[in-house]
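# Understanding the architecture of this molecule
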Amino acid sequence: MRAVTWQGKRDVRVENVPDPTIQEPTDAVIRITSSGLCGSDLHLYEVLTPFMTPGDILGHEPMGIVEEVGAGVPDLQVGDRVVVPFQIACGNCWMCLTGLPTQCETTQVQGEGMGAALFGYTRLYGAVPGAQAEYLRVPQAQFGPIKVPEGPPDDRFVYLSDVLPTAWQAVAYADVPQGGSVAVLGLGPIGDMACRVAQVKGAGRVFGVDLVPERLRRAKARGVETFDLRSFDDEKELVEAIRDQTDGRGPDAVIDAVGTEAHGSAAARMVQNAAAILPRKLGGPIAERFSVDRLAALYTAIDLVRRGGTISLSGVYGGMADPLPLLTLFDKQIQMRMGQANVRRWSDDIIPYLTDEDPLGVDDFATHRVPLSEAPHAYEMFQRKQDGAVKVLMQP
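Because the structure is predicted, anything quoted here is derived from the model rather than measured.

Once that is clear, we can look at helix α5 (residues 213–221). Within α5, burial applies to Arg 215, Leu 216, Arg 218 and Ala 219. Projected down its long axis, α5 carries its buried residues within an arc of 160 degrees, all on one side. Opposite its buried face, α5 presents the exposed residues Arg 217, Lys 220 and Ala 221, each directed more than 90 degrees away. Taken together, the buried residues of α5 touch α4 (189–200), β10 (205–210), β11 (225–228) and α12 (375–383). Among the residues trailing α5, Gly 223 stands out with phi positive, at a value near 90 degrees.

Here's what the structure looks like:
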């Protein structure tokens, strides 16, 4: 089959690789019909190279048609149309039953000290072959795949794999009061969708911050009060501008949907790049233990949120040596929640919104649809924020 493989920093290629097969009774194999390109994939493309191996298959946002089913998967049949969550979880362990499948005790990558295995996402998360491919082996298929109806186009459902539950959890963790206010930092796919979820869940005012014109226009067109970061001399001016709209207090909640891609410390970028060019045996430990993140967005969130408010982190941070303003967090009595999205915890709540009325705007959420063969160009375009790229879907 054809698949998108990682070959080095900013080097992805579409290559012929072996077809996946059933290896365990709880496996299934699906023929992929759509697969998303995620902002998290850019971390592999750019800063997490010490944890990658040439030939790794990328991608974690697929849907498709079931082609084979293991004997331990009673609820799937060949021909079923399914969306596959980005994490691999059993559904039966204590963590899964508690609503935390991202911490699944069956698939935890214990050798790396990490949570549940993920598709297409470095050795830290199990080095499981990913979903930007023609076919995908799905472990723990007795729990993971979400069956969806025939009829509507893939766009209606594909975001159940990651974008929708990640945005939904970000809003849930933000604990925005009915009629309250929330600021979303970063209007990429997750931030954009988080704004939409906050609106349908009853937020009174939604503020969106970014510096990419196309992203700002998309959010503004859906009623988000947008702030262009380029219009301010620094983050302090931005914070004051939003406070002026909230009686001087700041919003009830802030969602940081930026993470390690934040435009911030040049020193952090230098450390990340240095780890990336070292031999893997050296670069990995350095990146794990000593790397720092560009924390501009998180610092802004801490400054911006009102006293007694909540910060929800959905952007991925990977550093282990980051200084945090704990005195400010304590003094402002800020609550903070974070983590990978627990897809199956939220999927049943989200599906009722995936109707023909399309309140979340999923049908036209993608800005680009490309064949799998154009994946290298899609990565470069998305990484450089060219051609208005906000969300890219690939079709094998």
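Ordered in space as β2-β1-β4, the three strands form an open sheet in which the pairing is antiparallel. Each of the sheet's edge strands pairs with one partner strand only, and the pair in question is β2 (11–16) and β4 (56–57). Relative to β4, strand β1 (residues 2–8) runs antiparallel, the two sharing two bridges. Bridge pairing in β4 links Trp 6 to Asp 56.

Strand pairing in a sheet takes place through backbone hydrogen bonds and is either antiparallel or parallel in direction. Across the sheet, which stays open at both edges, the six strands sit in the order β11-β10-β9-β12-β13-β14 with parallel pairing between neighbours. Since the sheet does not close on itself, it has two edges, and those belong to β11 and β14 (335–338), each with one partner. The average angle at which neighbouring strand axes cross in this sheet is 20 degrees, direction not considered. Here strand β9 (residues 181–185) runs beside strand β12 (residues 253–256); their pairing, made up of four bridges, is parallel. Bridged to Val 182 within β12 is Ala 253. Its contacts with the sheet place α5 against β10 and β11, and it is angled at close to 165 degrees to β11.

Attention now goes to the packing of helix α3 (residues 163–174) against helix α11 (residues 343–350). One can describe the packing of α3 onto α11 by two numbers: an axis separation of 9 Å at closest approach and a directional angle of 90 degrees. In this view, α3 runs roughly perpendicular relative to α11, as classed from their interaxial angle. Across from Leu 164, Pro 165, Trp 168, Gln 169, Ala 172 and Tyr 173 in α3, the residues of α11 making contact are Val 343, Trp 346, Asp 349 and Ile 350. Its residues placed into classes, the contact of α3 with α11 shows eight nonpolar, one polar and one charged.

All right, on to the pattern of salt bridges then. Two side chains that carry opposite charge are able to pair once their charged atoms sit near each other. Using the criterion set out here, one finds 23 salt bridges in the structure. With its nearest N and O atoms 2.5 Å apart, the salt bridge here joins Arg 369 to Asp 155. Remark: Asp 155 occurs in the loop between β8 (146–147) and α3 and Arg 369 occurs in strand β15 (residues 368–371); sequence separation between them is 214 residues. Under the relative-accessibility criterion, Arg 369 is labelled partly exposed at 42%. Residue Asp 228 pairs with Arg 230 through a salt bridge whose shortest N-O separation is 2.6 Å. Look at Asp 228 and you get buried, because its relative accessible area is 19%. Several salt bridges share partner residues, and in doing so they unite Lys 236, Glu 240, Arg 243 and Asp 303 into one network.

With a phi angle near 55 degrees, Asp 175 is a residue other than glycine that sits in the positive phi range. Checked against the element boundaries, Asp 175 lands in the loop between α3 and β9. Taking the relative accessible area as the measure of exposure, Asp 175 reaches 55% and is therefore exposed. Within the chain, Gln 333 stands out as a residue other than glycine whose phi angle is a positive 55 degrees.

Viewed as axis vectors pointing N to C, helix α6 (residues 235–244) and helix α9 (residues 296–304) meet at an angle of 40 degrees, and their least axial separation amounts to 10 Å. The interaxial crossing formed by α6 with α9 has right-handed handedness. Residue-level inspection shows Glu 235, Lys 236, Leu 238, Val 239, Ile 242 and Arg 243 of α6 in contact with α9, the latter providing Ala 296, Thr 300, Asp 303 and Leu 304. The residue makeup of the contact of α6 with α9, split by class, is five nonpolar, one polar and four charged.

Basis of the calculations
Residues numbered from 1 in each chain as written. Predicted model: local features only at pLDDT ≥ 70, side-chain atom pairs only at ≥ 80, totals over all residues. Heavy atoms only, no water. Buried < 20%, exposed > 50% of the residue type's maximum accessible area, 1.4 Å probe, protein only. Helix = DSSP H or I, 4+ residues; strand = E, 2+ residues; numbered from the N terminus. Arc of directions from axis to C-beta. Contact = heavy atoms within 4.5 Å. Pairing = 2+ DSSP bridges. Axes fitted to C-alpha atoms, helices over the stretch in contact; angles between N-to-C directions. Parallel < 35°, antiparallel > 145°, perpendicular 65-115°, else oblique. Nonpolar A, V, L, I, M, F, W, Y, C, P; charged D, E, K, R; others polar. Salt bridge = Lys/Arg side-chain N within 4 Å of Asp/Glu carboxyl O. Left-handed = near helix turned anticlockwise from the far one by under 90°.

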